[in-house]
Amino acid sequence: MVEPTLGKGRESLVSEARMANDSRYYVPAQSPWPIMGAVGLFLMASGAGMLISHGNPGGWLLLAGALTITGMLFGWFGHVINESMSGLYSPQMDRSFRQGMSWFIFSEVMFFGAFFGALFYARVLSVPWLGGEHLHHLSTHQVLWPDFQAIWPLVTTPGGTQTEAMPWQGLPLVNTLLLLSSSVTLQFAHQALERGHRNRVKLLLGCTVLLGLLFLSLQVLEYYHAYTEMGLTLKSGIYGNTFFMLTGFHGMHVFLGSLMLAIMWLRVMKGHFNAHHHFAFLASAWYWHFVDVVWLCLFVFVYIL
């Protein structure tokens, strides 16, 4: 049996022809999606804050925000897809998309850089200072916390609460293998797309999405284990704070990346993309590989070291 290929359909040919002959910069009409995204992010931020301080009401707000963001992404992506398939985008617009995605990923690098910077400051500077590592910090140690021991992970809070450090073996190691495997399947899916093998793209991209969802499921299990059996919570001092902030925000990005790839999978199922016209797929792949690199840094600096 000859495998179906991702050849250029009539709509793709019309779209590319218009792009090649049209040098205008397309300006879309007013859209409700940006304000909807802002509302979703506000609900998620408010819900997360309330969940930490008050419990259940915040959980519902967090869920409402996640559903709003999901609906916004499907709606906004659908709008952009229709514009692209209608041939409204010129080569200049295509370059703008590439530049925009590049700057977006750069902003995400800075976002995680701030949290890794906080982790570095706590481990390399604050903890040794409190332990009186150098002579000029000895008075700090004696006045603020005489019984403090400068070790990391910091499993004893100033209030005397004891917690446990999350070991890197077990679920974190399994999740690392899952994300690394997802990058491999996504790369092979991209190669299959460039070679025009539709069935391989469907299979490999679907596997990537499933691996991402499995990662999220195991992370929920890890959090449950941390809260119920280890005493590791957001209130567990600087170690608990940095652990959940870094892994939690990363999990949010895995959710977003999985959603983006799921939309790309649906587009492949509908016959979109060909070997030369698939930047939406490529942008989603860039984002997913970035998320994987962040996890590798997390695995090393949060779990192992």
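Refer to the structure printed above.
Let me begin by describing the structure that accompanies this report.

Cut-offs and rules
Residues numbered from 1 in each chain as written. Predicted model: local features only at pLDDT ≥ 70, side-chain atom pairs only at ≥ 80, totals over all residues. Heavy atoms only, no water. Helix = DSSP H or I, 4+ residues; strand = E, 2+ residues; numbered from the N terminus. Contact = heavy atoms within 4.5 Å. Phe/Tyr/Trp six-rings, centres within 6.5 Å; stacked < 30°, edge-to-face > 60°. Buried < 20%, exposed > 50% of the residue type's maximum accessible area, 1.4 Å probe, protein only. Patch = residues over 30% accessible without salt bridge, like charges linked within 9 Å, V, L, I, M, F, W, Y side chains within 5 Å. Areas by Shrake-Rupley, 256 points an atom, 1.4 Å probe, with all protein chains shown as cover. Salt bridge = Lys/Arg side-chain N within 4 Å of Asp/Glu carboxyl O. Core = buried A, V, L, I, M, F, W, Y, C linked by side-chain atoms within 4.5 Å.

### Details of the side chain of Ser 183
- Within the secondary structure, Ser 183 is located in helix α6 (residues 171-195).
- Those residues in contact with Ser 183 that lie beyond four places of it in its chain are Trp 288, His 289 and Asp 292.

### Points about the packing of aromatic side chains
- Overall, the coordinates contain 21 aromatic pairs when judged by the stated rule.
- A centroid spacing of 5.0 Å and a plane angle of 90° characterise the contact between Phe 243 and Phe 244, whose relative ring orientation is edge-to-face. Comparing Phe 243 with Phe 244 shows no difference in burial state: the two are buried.
- Linked through ring pairs, Trp 152, Trp 168, Phe 215, Tyr 223, Tyr 227, Tyr 239, Phe 243, Phe 244, Trp 295, Phe 299 and Tyr 303 together constitute an aromatic cluster.

### What to know about a nonpolar patch on the surface
- Judged by side-chain polarity, Trp 168, Leu 173, Leu 177, Leu 180, Leu 296, Val 300, Phe 301, Ile 304 and Leu 305 come together as a nonpolar surface patch covering roughly 730 Å² of accessible area.
- For the nonpolar patch, the secondary-structure elements that each account for two or more residues are α6 and α9 (279-304).
- For the nonpolar patch, the element with the highest residue contribution is α9, accounting for four residues.
- Judged by its relative accessible area of 36%, Leu 296 falls in the partly exposed class.

### Brief notes about the nonpolar core
- Within the largest apolar cluster, 52 residues are counted, with the highest numbers of intra-cluster contacts made by Met 166, Leu 205, Leu 232, Phe 243 and Phe 281.
- Those elements giving two or more residues to this core turn out to be α4 (91-130), α6, α7 (198-230), α8 (237-269) and α9.
- If one sorts the elements of this core by residue count, α9 sits on top with 15 residues.
- Beyond its immediate sequence surroundings of up to four residues, Phe 281 is in contact with Leu 186, Ala 189, His 190, Leu 193, Val 201, Leu 205, Met 264 and Phe 273.
- In this structure, Met 44, Ile 69, Leu 73 and Leu 259 belong to the second largest nonpolar core, which totals six residues.

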